[in-house]
Amino acid sequence: MAANIDPIVRHMFVCDDLVRSSRSPDQWDALGVVNYIRPAVPGRYPVRLRQIAVVVQLAGGRGVGQGYILVVSADTEDPVFASPVHTWNYPPDPLRVLPVVFRIRECSFPRSGLYWVQFWHRDRKLAEYTVQVE
Amino acid sequence: MADPTPAPDHRPNGPPTGPRPGRVEITVSQDGKVLHQFRADEFLMFDDEAVTDPAELAKFRQPPS
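Residues numbered from 1 in each chain as written. Chains lettered and ligands numbered in written order. Predicted model: local features only at pLDDT ≥ 70, side-chain atom pairs only at ≥ 80, totals over all residues.

### Focus: the overall build of chain B
Basically, it comes down to this: Only runs of H or I of at least four residues qualify as helices and only runs of E of at least two qualify as strands under DSSP, and these elements are numbered from the N terminus.
Counting secondary structure elements, chain B contains one helix and two strands. Listed N to C, the secondary structure of chain B is β-β-α in terms of helices and strands.

### A short note on the nonpolar core
Filter applied, for reference: In this description, a nonpolar core means buried residues of the types Ala, Val, Leu, Ile, Met, Phe, Trp, Tyr and Cys, linked to one another by C-beta atoms lying within 7 Å. Here a residue counts as buried when 20 or more other C-beta atoms sit within 10 Å of its C-beta, as exposed when there are 12 or fewer, and as partly exposed otherwise, the C-beta atoms being derived from the backbone. Here contacts are defined at the residue level, using C-beta atoms placed from the backbone and a cut-off of 7 Å between them.
In terms of nonpolar packing, the biggest core is built from 38 residues, with Val54(A), Ile69(A), Leu70(A), Val71(A), Ala82(A) and Val101(A) touching the most fellow members. Elements with a minimum of two residues in this core: β1 (8-20), β2 (27-33), β4 (47-59), β5 (64-73), β6 (79-82), β8 (98-109) and β9 (113-121) of chain A together with β2 (33-49) of chain B. Other than its neighbours up to four places away in sequence, Ile69(A) contacts Val54(A), Ala82(A), Ser83(A), Phe102(A), Ile104(A), Val117(A), Gln118(A) and Phe119(A).

### Describing the confidence of the model for chain B
Should pLDDT be low for a region, the predicted coordinates there are not to be read in detail. Residues and elements named next belong to chain B. We apply this condition: The pLDDT value expresses, per residue, how confident the predictor is, ranging between 0 and 100.
Taken over all residues, the pLDDT of chain B has a mean of 68, while the share at 70 or more is 52%. With pLDDT under 50 throughout, residues 1-13 is counted as low confidence; its partners more than four residues away or in other chains account for four contacts. Interface confidence for the predicted complex, given as ipTM, is 0.91, next to a pTM of 0.82.

### Some thoughts on the environment of Glu77(A)
Residue and element names in this part refer to chain A. Mapped onto the fold, Glu 77 is located in the loop between β5 and β6. Residue Glu 77 is classed as exposed on the basis of its 9 C-beta neighbours within 10 Å. Placed 71 residues apart in sequence, Glu 77 and Asp 6 show a C-alpha to C-alpha distance of 25 Å.

### Topic: the interface of chain B and chain A
The criterion, for reference: Note on residue categories: nonpolar means Ala, Val, Leu, Ile, Met, Phe, Trp, Tyr, Cys or Pro, charged means Asp, Glu, Lys or Arg, and polar means any other residue, Gly included.
Contacts between the two partners involve 30 residues from chain B and, on the opposite side, 36 residues from chain A. Residue assignment for the side of chain B that touches chain A shows that the elements contributing at least two residues are β1 (18-30), β2 and α1 (54-61) of chain B. Split into classes, the residues belonging to the side of chain B that touches chain A amount to 14 nonpolar, eight polar and eight charged.

Printed below as a string of structure tokens:
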């Protein structure tokens, strides 16, 4: 049986959603790349978002992948929310890039500050991305 | 005989999630300008509600980086 090998993360970003492009059924558009989040009413928390989409582009993985997204307050180091853990198979050719998109609905940020959006793979944090809630 | 016409997809997030074989291209653009374009032969999408239960979140805290 082939060993499971962690991938490297070629890219990671957070956006509102990925939608099928009108140009082609094979094309997807990332909408609204998220770096900053402002409350609808200034000073009112928590800030709730209907959805975010976390995109990680993986390469070099072998065997079975298992990962999740964890959002952590940078100030308190407390986890705020997460995606469920998911499992997938890597392509036979490890050089191929595998985009993995975690759509997470009903996200809530309890207060202003910096948040880490982390990609964990088999109990290793492979990448993280910052989001500032203002 | 089964109706061959698929039911319309009324879900706000579009089609079902999970493995999506086939060549795909992801475009990241801002104000009409393409920032990044990624191409791949496979594409996975997972669609879930956020896990917020403290007991469940505590399980995510354990792995060291």
